[in-house]
Each structure stands twice: as structure tokens, then as C-alpha cells.
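Descriptive structure summary
Chain by chain, the residues:
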Amino acid sequence: MIPIFDSKRQYAKIGSEIEKAVLEVLRSGAYILGPNVKALESELAKYIGCNYTVALNSGTDALHLALRALDIGKGDEVITTAFTFVATTESIEIVGATPVFCDINPDTFNIDADKIEALITPKTKAIMPVHLYGQPCDMDKIMDIAKRHDLYVIEDCCQAIGAEYKGKRVGTFGDIGCYSFYPTKNLGTMGDGGLITVNSENLKNRIVALRNHGGAIRYHHDEIGVNSRLDEIQAAILRVKLNYIDEWNKARREHAATYNKLFSECADIQTPKELDNTYCVYHQYTVKIPNRDEIFDKLHEAGIGAMLYYPIPLHMQKVHAHLGYKMGDLPITEKNTECVISLPMFPELTIEEQKMIASTLIDCVEKSKAMA
Ligand SMILES: *Cc1c(COP(=O)(O)O)cnc(C)c1O
């Protein structure tokens, strides 16, 4: 089986470095908010290009604490996409605010910036774009709308570490950027982890307090916070892996180019498009095909671990049923959930594997077309 992501192959290459770093933490006796978290925060601020970062327990916490830090809650609306992982919209509901779904651009899979303004009401407080699959959103347009309507922007960068829009890394455009270090992310740890990027010192201080029971000074609690500290072991692992992220993202881009070439003669397989002036980091390589469900099964029978991100649009999920959306409300999102399929994508993928995956997929698509 060629998996969608293979953490074992990565470990085979850098395992000894990781073991050394973890052992140092174990022996140091400092396990929470110690030197590794501190160093990781400054290394990532430098890497991403923002003033501050705050390391957290998960990407989900990053999103919901971003909303808390901006005082977004009950009665407020946040415009986002329904074509993303549920954590994006879950975070909005966690703080008591209301997600407002905007349809996506069919080419980029990201929020369609041209459709945002029509959704703005007096209750709108923020726009939450998601850089899905590692592809940056159209940030010029989004930031322009946010400025004109005095809205916050919270970027969900969980799939897009290292991605750039016009030469700047994602997470540096809006008020707050949110990252995840879930093991399968481009920069993944060996447990859970997340991060907030921010330029305002006040916001940074608020998030630092929220992550540790709502107080900046020990045993002084100003508001309800959470325990969302990244631990030293995860931070040490991430510091090792950060040295490789550019190389890994480059390999992903090369694999994407190889797939594009291999699929170029099959008109029924729509390969992903990139916006101009962006550096996409291909967290996923996602194509659109006809008869997707049938072909998905065939690929698995052939030993190809393709995945469906995401099979049900979020406006149709039970958790958001109370919002009152129905099928037909987001036509492009709905159409995409029916035809997208993500293929194995990780830095260590080989050319032989890519050729096998491509020829199998082309074969399946052609056969299913002939049967129709
Ligand atoms: C992974 C992911 C999250 C959540 O991150 P966790 O670290 O798993 O909590 C949020 N949004 C998107 C788009 C993601 O891919």
C-alpha cells in the first residue's frame, strides 16, 4: 500500500536526531514551557516572518484562542469556508459565534474573495480564510475587504506552513495566523501541537495568558483560560524538523509537478491550479475526476491510499445543522466534495510510485468513462 502520508519513511531519515533531542529533554527535567518552547517560538517567528508566535496544544486551540483574543463570541459572525476540516468552523462555535459560509473558487478550492462582501452584516467581526492543501488564499482581496469593513482576519494556516503569497509567508497578512503540528501536517510533531502567529504585542500577551489559565502572572487569573501549552518534547522534535521544512516543501512541489506532467494527456483528470505569485506547499495533491466514489474504491483495491478531503461540506454536517443551510446554498463547494480526490503526497514519495499511481488512476478514469 502506498499511503497518503508515510511518517515511517521520514523517521528512518531523521530518527536518530529526534531521539537525541527527546532524550535531552527527558534528562533535563524541564517538561513544560521550558527552553525548547521558547526557542521554537522565536525560530518560527523568524521563519514565518512575524513579530511573535505562541506555541499551543493544537491547531484547533490556535483557532479558538485567536477568536477569544479578538473578543469574538456570542452574537458575532465569522465568514469562512465550508470546504475545510471541521476544526475551522468548530472553533467559531466553541466561542459562541456563528460561522457564515462563503462559497469557494473552483480552481483553488479556497474561499472565493469575490463572494465575501455580499455576506457582510452589522454582526460580522472577522473573515477566516483557510489556505487549503497548502495553497495560499487571495490575500490582497481579502485584506482589502477587511480594511474597508473594519473586520479582523484570522488565517487558518494549518495546512500551509512555508506557503507564500507575493513573497510573504501565510499567517503574516491577517491579525492572527493559526498553525497545526498534527503528525501528518507538512511540519508535524509526534503528538499534538499548534501555534499562533501575531504582530501585536498586546494580542500576543493575551494569548500567552489564555493558554495558561487566563493569567500572565502565576496564580493571578484575570479571565477564563485553558491549558493549551505545547510540551518540551514536542517542541524539541519540531525544532529538529524545522531544519528540513524547506527541503520537504520543495520535494512536495516537485512531486506535484511530476503528477501534473503524468496526468497532462488525460483530459478527464483536472490537476490543481496555482494562483499567480504564490508558493504552494502541497499539503495535499488533489485532483478532480468523474465517478469519484467508484474510482476511489478501485484505487484502494490497487494499493493506493487516496483520501477524500472532504467528502461532506461543513454546511451539511450535523454539528452545523442549527445554522439552517441546505443543499444548493454553496454549489461550488458541493460540486467539489463530489469530485475531489487526494493522492499520496509526502517528500519521500518515489518517481516509480508516482508513475504507478498515475497510470492506475488514468486507467480507472478511462475504463469508468468507457462503461458510462
Ligand atoms: C489540521 C487542521 C486543523 C486542526 O489542527 P489540529 O492540530 O488537528 O487541532 C484546523 N484546520 C485545518 C484546515 C486543518 O487542516
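In this report, we go over the structure that sits alongside the text.

1. Side note on the overall build of the chain
- Each helix and strand counted, the chain has 11 helices and 12 strands in total.
- Relative to its length of 372 residues, the chain is compact, with a C-alpha radius of gyration of 21 Å against a globular reference of 21 Å.
- Along the first, second and third principal axes, the C-alpha atoms of the chain reach 70 × 55 × 35 Å.
- Counting all 372 residues of the chain, 56% fall into the buried class.
- Taking as baseline every contact in the chain between residues at least 6 positions apart, the subset at least 24 positions apart corresponds to 70%.
- Computed over 40 positive and 50 negative side-chain charges, the separation of the two mean positions in the chain equals 2 Å.

2. Focus on the nonpolar core
- Ranked by size, the top nonpolar core spans 39 residues in total, and within it Phe-263, Ile-269, Tyr-285, Leu-299, Leu-343 and Leu-361 carry the most contacts.
- Looking at this core, the elements with two or more residues in it are helix H8 (245-263), strand S11 (285-288), helix H9 (292-301), strand S12 (340-343) and helix H11 (351-371).
- At 6 residues, the largest contribution of residues to this core is made by H11.
- Both of domain 1 (7-242) and domain 2 (245-371) provide at least three residues apiece to this core.
- Residues in contact with Leu-343, not counting those within four places in the same chain, are Ile-4, Tyr-259, Phe-263, Tyr-285, Leu-299, Ala-306, Ile-357 and Leu-361.
- If you look at the next biggest cluster of nonpolar residues, it comprises 31 residues, including Ile-18, Ile-161, Leu-187 and Leu-238.

Conventions we followed
Residues numbered from 1 in each chain as written. Predicted model: local features only at pLDDT ≥ 70, side-chain atom pairs only at ≥ 80, totals over all residues. Heavy atoms only, no water. Helix = DSSP H or I, 4+ residues; strand = E, 2+ residues; numbered from the N terminus. Rg over C-alpha atoms; globule rule 2.2 N^0.38 Å. Buried < 20%, exposed > 50% of the residue type's maximum accessible area, 1.4 Å probe, protein only. Contact = heavy atoms within 4.5 Å. Lys, Arg positive; Asp, Glu negative; His and termini not counted. Charge placed at Lys NZ, Arg CZ, Asp CG, Glu CD. Core = buried A, V, L, I, M, F, W, Y, C linked by side-chain atoms within 4.5 Å. Domains from an automatic or database assignment.

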